[in-house]
Amino acid sequence: MSILLVGGGSRSGKSRHALLLARRFGPRRGFLATAQALDEEMRDRIRKHREERGEEFLTIEEPLDLAAAVVQAEPALDVLIIDCLTLWLSNIMLAEKEIDTAAQLDAIAASKLPCILVTNEVGCGIVPDNALARQFRDRAGFLNQQAMERAEEAYWTIFGAALKLK
Amino acid sequence: MSILLVGGGSRSGKSRHALLLARRFGPRRGFLATAQALDEEMRDRIRKHREERGEEFLTIEEPLDLAAAVVQAEPALDVLIIDCLTLWLSNIMLAEKEIDTAAQLDAIAASKLPCILVTNEVGCGIVPDNALARQFRDRAGFLNQQAMERAEEAYWTIFGAALKLK
Amino acid sequence: MSILLVGGGSRSGKSRHALLLARRFGPRRGFLATAQALDEEMRDRIRKHREERGEEFLTIEEPLDLAAAVVQAEPALDVLIIDCLTLWLSNIMLAEKEIDTAAQLDAIAASKLPCILVTNEVGCGIVPDNALARQFRDRAGFLNQQAMERAEEAYWTIFGAALKLK
């Protein structure tokens, strides 16, 4: 039915704003984590995020096929936070899979389940030295634009504030 | 006559917004590319950008003396996109030339040709390890401020959206 | 009495905007520099900043205990710029001290002296390779959010422009 997009730099208050937006919807709330606990630091981050959300959200873990997860979750939920698109992109690049992000986002937008997409801005620093990081940066920027095109509402978070973009 | 400034992170929709602004003006549109095709990756980026613009724009390549290029292009064009200031700065630093960017921007602002300047925000990441990157970051920030001071209209692009700054 | 927050990327016009805001208050103006002149480059940056401010400001240097410096400065000043929070965080991490930044900010907010806090956005680039930089980035983001929560007025600076956040 609708995509809401919340993006910003790291620790800018994105996830908190997404939790806030989720309260607009019914009580059956889901949280789709794209993060994969591949090392200790990631495990730690995932655990902390889970504690922040509390018990209010049903957690779903899906690193790659977001569209399928949304279709499956649709009957059981009133709203779903998907956190985050840039880790999803990382997963796609690591898995060396051809995943059509535009088609996935179309499917999410077409679902009856309102989805709040969380993403990172990664393109406002110095051009990275290594080619893979440059490629990631480019693809993340394009992915964020794809999400923005499909969003009915969008926010840029900075210092914990949320500026409405559309 | 006037400078319009469009800046943002990489792949934030800067160039697309510049193309959109250019449509406000007459049909004789130019695109000044400051990029130099020094390696395969840059050649590839330049080619892709050219394809995105299509045939609608006359392409001019000038890595250093933007003011002279603007003066020369003035009689033949209704609007000129200059893309981008941060690559121009890179060129200046690589050429180890003393180019007075403020004087160049003054000359561009004084021209009868409306110029849409595209630039990158590069200062919102972690302080870079190497001194040259720190110097580039500082100079890019100052250059963007110089352009902003002379701009009649300015935009910050993020996720493909354009926030009006002035 | 009040915290005003000014944050943005490097060379985005933060300090200049802070100087501008300081003029709203009485003539007894202070500038608390958190920078430590540990090497030539830093000495140079500190000297340049001091020249930019001119004689109008009383300079205080304090790398760690900002709250104590504010309490001490309160009777003598009408306004104090604290520049900047991210260098303060650097100092705390280098000194390996346990400093409760939330308590420090509470004390600053409770002071009768209006304080203009300057900070850097460092979280909008690619995830840094090294763990210390990632930790700094996280802590800087949290610190900026702590400052924002306590601010009565806040600005995001970009290309020398200041967008009001609250």
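Since the structure is predicted, the reported quantities are computational estimates derived from the model, not experimental observations.

**Comments concerning the pattern of salt bridges**
So, step 1. Applying the stated criterion across every chain, the model contains 39 salt bridges over all chains.
So, step 2. Of the charged contacts in the structure, one is a salt bridge between D138 of chain C and R11 of chain A, with a shortest N-O distance of 3.5 Å. One end of the pair, D138 of chain C, is in helix 6 (residues 131-150); the other, R11 of chain A, is in the loop between strand 1 (3-8) and helix 1 (14-22), on a second chain. Exposure class is identical for D138 of chain C and R11 of chain A. Each is buried.

**Focus on helix 3 (residues 66-73) of chain C**
Residue and element names in this part refer to chain C.
So, step 1. Residues of helix 3 that are buried include every one of L66, A67, A69, V70 and A73, and no others. Buried residues along helix 3 cover an arc of 160° about the axis, so they all sit on one side. Turned more than 90 degrees from where helix 3 packs its buried face, V71 and Q72 sit exposed.
So, step 2. Of the surrounding elements, those touching the buried residues of helix 3 are strand 2 (29-33), strand 3 (57-61), strand 4 (79-83), helix 4 (85-95), helix 5 (101-110) and strand 5 (115-120).

**Digging into the interface of chain B and chain A**
So, step 1. Across the boundary between the two partners, chain B contributes 23 residues, which contact 21 residues of chain A.
So, step 2. For the pairing of chain B and chain A, the buried interface totals around 1800 Å² over both sides, and the portion due to carbon and sulfur atoms is 61%.
So, step 3. The largest contributions to the chain B side of the interface with chain A come from S10, R11 and F159 of chain B, which together make up 43% of the buried area.
So, step 4. Here chain B and chain A share two salt bridges between them.
So, step 5. Between chain B and chain A we count nine residue pairs in polar contact (both at pLDDT 80 or more) in total.
So, step 6. Sorting the residues of the side of chain B that touches chain A by element identifies helix 2 (40-53), helix 6 (131-150), strand 6 (153-158) and strand 7 (161-164) of chain B as the ones contributing at least two each.
So, step 7. With three residues, helix 6 of chain B is the single largest residue contributor to the side of chain B that touches chain A.
So, step 8. Here the residues of the side of chain B that touches chain A are counted per class, giving 10 nonpolar, seven polar and six charged.

**Section: helix 5 of chain C**
Residues and elements named next belong to chain C.
So, step 1. Along helix 5, the residues classified as buried are T101, A102, Q104, L105 and I108. Across the axial projection of helix 5, the buried residues extend over an arc of 160°, all falling on one side.
So, step 2. The backbone nitrogen of A102 has a side-chain oxygen 3.1 Å away, supplied by the residue at the start of helix 5, namely D100.

**Here we look at the side chain of T157 of chain A**
Residue and element names in this part refer to chain A.
So, step 1. Topologically, T157 is positioned in strand 6 (residues 151-158).
So, step 2. Residue class for T157 comes out buried when judged on its relative accessible area of 1%.
So, step 3. At a separation of 2.8 Å, a polar atom in the side chain of T157 contacts the side chain of S12.

Rules and cut-offs
Residues numbered from 1 in each chain as written. Chains lettered and ligands numbered in written order. Predicted model: local features only at pLDDT ≥ 70, side-chain atom pairs only at ≥ 80, totals over all residues. Heavy atoms only, no water. Salt bridge = Lys/Arg side-chain N within 4 Å of Asp/Glu carboxyl O. Helix = DSSP H or I, 4+ residues; strand = E, 2+ residues; numbered from the N terminus. Buried < 20%, exposed > 50% of the residue type's maximum accessible area, 1.4 Å probe, protein only. Arc of directions from axis to C-beta. Contact = heavy atoms within 4.5 Å. Buried area = accessible area lost by both parts, 1.4 Å probe. Polar contact = N/O pair within 3.5 Å; in protein donor to acceptor, adjacent residues only side chain to side chain. Nonpolar A, V, L, I, M, F, W, Y, C, P; charged D, E, K, R; others polar.

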